[in-house]
Amino acid sequence: MRRLWQVLRLLWKAEPWAMWRGAALAVAVLIMGAALLGLSGWFITATGIAGLAGIGIAFDVFRPSAGVRFLALGRAAARYGERLLTHDATLRALARLRVTLLARLERFSMPELRRLRGAAALTRITADVDALDGVVLRLALPVAAALITHGAAFVALWALTSHAVAASVALGYLLGGGVVLWRVGRATLAPSSQAEEAMQTLRQRAIGMFRGRREAILQGALPRWRGALDDTEAEARGAMDRLDAIDTGAGMILAVIVALVTAAAFALAGWLVADSGLDPARAAIGVFVSIALAETLLPLRRGMAEIGRMRDAAERVMADPAPHRLPKRSGPAEPAQPGAALEVRHLSLARPGWSRLLLHDLSFGVMPGEMLAIRGESGAGKSTLFDVLAGLETATAGEALLLGKPLPDWETPALRDALTLVPQRAALLSGSILENLALADPDLTEDKALAVLRAVALDEAVSARGGLGSQLGEGGAGLSGGQARRLVLARALLRRPAVLLLDEPTEGLDGPTARQVLTGVREFLPEAGIVTASHRAAELDAADRVLTLESYIPKN
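Predicted model only: the values in this text are computed from it and were never measured.

(A) Main features of the overall build of the protein. Along the backbone of the protein there are 21 helices and eleven strands. When the 556 residues of the protein are sorted by exposure, 45% land in the buried category. As presented, the protein carries roughly 28,100 Å² of accessible surface, and 60% of it is formed by carbon and sulfur atoms.

Printed below as a string of structure tokens:
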């Protein structure tokens, strides 16, 4: 439960003033509700007694009725304000939580981030953040407000009725209700986690079946897929049915506790009226307040029933990964190659999680203004090598130097300014073409944007779409694959790095366009050292040198 406490502190600190006001109004709602029913019970009983005694005409009905109206209207207003403030503050806090989550994800290694970019992982993250609104709205605030209200009711009943009535109401609710709610929380931990897991699996499989329905039909696998989907739905329904059964049973037990507490207060009130001379109207206060305090208990079932879901979501969202750091160089430093933009020395590397080496004892250098094409078969390790050169992954052995300085010695902001990687899959955002380019240069002008688009042979296509202000859909929807890749490349050129790493930069382009793009890249960055992972003739022909990885692959 430590993670739940961390989430609560994080959410509360995001909007503390609104949270405190919402908490105060939540307490006011419950106290006003108890006071309203207590005053109404006293008023009805006192009025009846006055009528029986024949002094009804002298009984002051105006001030008690005004108090009833005040409490009724005040309770409604406080309820509205409490809902408005707490929900608004919680939504704002969840927005802050998303920012915190992104900051934590920034410390994941590149393979872990790549695993998270799938639809299933993103759906899970979204569901986890949404589940955490219950930490404040259905757990922390209702429990705190209930405890404060019971404390105030205990003091009021002690002063107005008797310590016996006050103690019986407090002990009945706090002990009886507390035990039931604790048991609900314990009993629902596993089913709520199972229900959430099954619902996530159901959602993923439904999306998968929808996307792959054509292949499933062609291979005759649709009935099997549908059967797996039905099984997952049955599992989710079973877990939710167990939760409903626990919730229903808890509601019945809590209703019995309310009835028993009310009956005990009624019996004590009658005994005190008969034996101690307690005013019957005051004795009625304890009975009606005990009924009103049921409002503090019954709504807590939902929060306790979802505590397992909230706990699991908090564990995932607040997980703190070990920071990804490049290891410091050990041993004496060798002199850097004079003037090299990028130098690789005796590099050996393996794919994350693999024990077998992909490449062994790889060495090369790239001078400013030079283009080096690295050629290798699919799976030879080109993309992994680029991750290492970009400082996203660590090498098994050897080192890489950027502008004569080892990669581990670079601070991250300076490294990103000096070196830019364009991977095979890069993201575009929904918005205008100019907004996508401006991610690399916040001060970008239209003239600069058009110049870089000409460099990647994309200016005419953008003009045909309506210019720099033309809008793209999610993920760059509206552009072809080749156009999207060139827009990503143009964005990288705007950073004007000293070293540019391009992983298959002309994939999806025809030969003439590919050669035009490569020529434009070199003209736009004439002083940059450029390294491409290549297998196409246009990229190999445009390079000053070609390095073949096959000679560095260890022989098994």
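(B) A look at helix α9 (residues 222–275). With 54 residues, α9 should reach 80 Å at 1.5 Å per residue; the first-to-last C-alpha distance of 78 Å fits that figure. Just downstream of α9 lies Gly-277, where phi reads positive at about 75°.

(C) Molecular detail of the sheet that holds strand β11 (residues 545–548). Overall, parallel pairing links the five strands, which are arranged β6-β9-β10-β3-β11 in an open sheet. Whereas interior strands pair on both sides, the edge strands pair on one side only; in this sheet they are β6 (419–422) and β11. On average, adjacent strands in this sheet sit at an angle of 15° to one another, irrespective of strand direction. By the bridge criterion, five bridges tie strand β3 (residues 371–375) to strand β10 (residues 529–534) in an arrangement that is parallel. Directly across from Met-371, in β10, lies its bridge partner Ile-530.

(D) Inspection of the packing of aromatic side chains at higher detail. Under the counting rule described, the total for this entry stands at one aromatic pair. Of note, Lys-405 hangs over the ring of Trp-410, and the distance from its end group to the ring centre comes to 5.0 Å.

(E) The packing of α9 against helix α10 (residues 280–292), seen in detail. One can describe the packing of α9 onto α10 by two numbers: an axis separation of 8 Å at closest approach and a directional angle of 170°. If you check the angle between α9 and α10, you find them roughly antiparallel. Residues Val-261, Thr-262, Ala-265, Phe-266, Ala-269 and Val-273 of α9 form the contact with α10, whose participating residues are Pro-280, Ala-283, Gly-286, Val-287, Ser-290 and Ile-291. For the contact of α9 with α10, the per-class residue count stands at nine nonpolar, three polar and no charged.

(F) View of the side chain of Ser-470. By secondary structure assignment, the location of Ser-470 is in the loop between α18 (459–465) and β8 (471–472). In contact with Ser-470, other than residues within four places in its own chain, are Gly-431, Ser-432, Ile-433 and Arg-465.

(G) Representation of the side chain of Thr-506 within the structure. Take Thr-506: it is sitting in the loop between β9 (499–503) and α20 (511–524). In this structure the side chain of Thr-506 is engaged in a polar contact, spanning 2.5 Å, whose partner is the side chain of Glu-539. Apart from residues no more than four positions distant in its own chain, Thr-506 is found in contact with Ala-514, Leu-518, Arg-536 and Glu-539.

Here is what the cut-offs are and how they apply
Residues numbered from 1 in each chain as written. Predicted model: local features only at pLDDT ≥ 70, side-chain atom pairs only at ≥ 80, totals over all residues. Heavy atoms only, no water. Helix = DSSP H or I, 4+ residues; strand = E, 2+ residues; numbered from the N terminus. Buried < 20%, exposed > 50% of the residue type's maximum accessible area, 1.4 Å probe, protein only. Areas by Shrake-Rupley, 256 points an atom, 1.4 Å probe, with all protein chains shown as cover. Expected span 1.5 Å × (residues − 1). Pairing = 2+ DSSP bridges. Axes fitted to C-alpha atoms, helices over the stretch in contact; angles between N-to-C directions. Phe/Tyr/Trp six-rings, centres within 6.5 Å; stacked < 30°, edge-to-face > 60°. Lys NZ or Arg CZ within 6 Å of the ring centre and 35° of its normal. Parallel < 35°, antiparallel > 145°, perpendicular 65-115°, else oblique. Contact = heavy atoms within 4.5 Å. Nonpolar A, V, L, I, M, F, W, Y, C, P; charged D, E, K, R; others polar. Polar contact = N/O pair within 3.5 Å; in protein donor to acceptor, adjacent residues only side chain to side chain.

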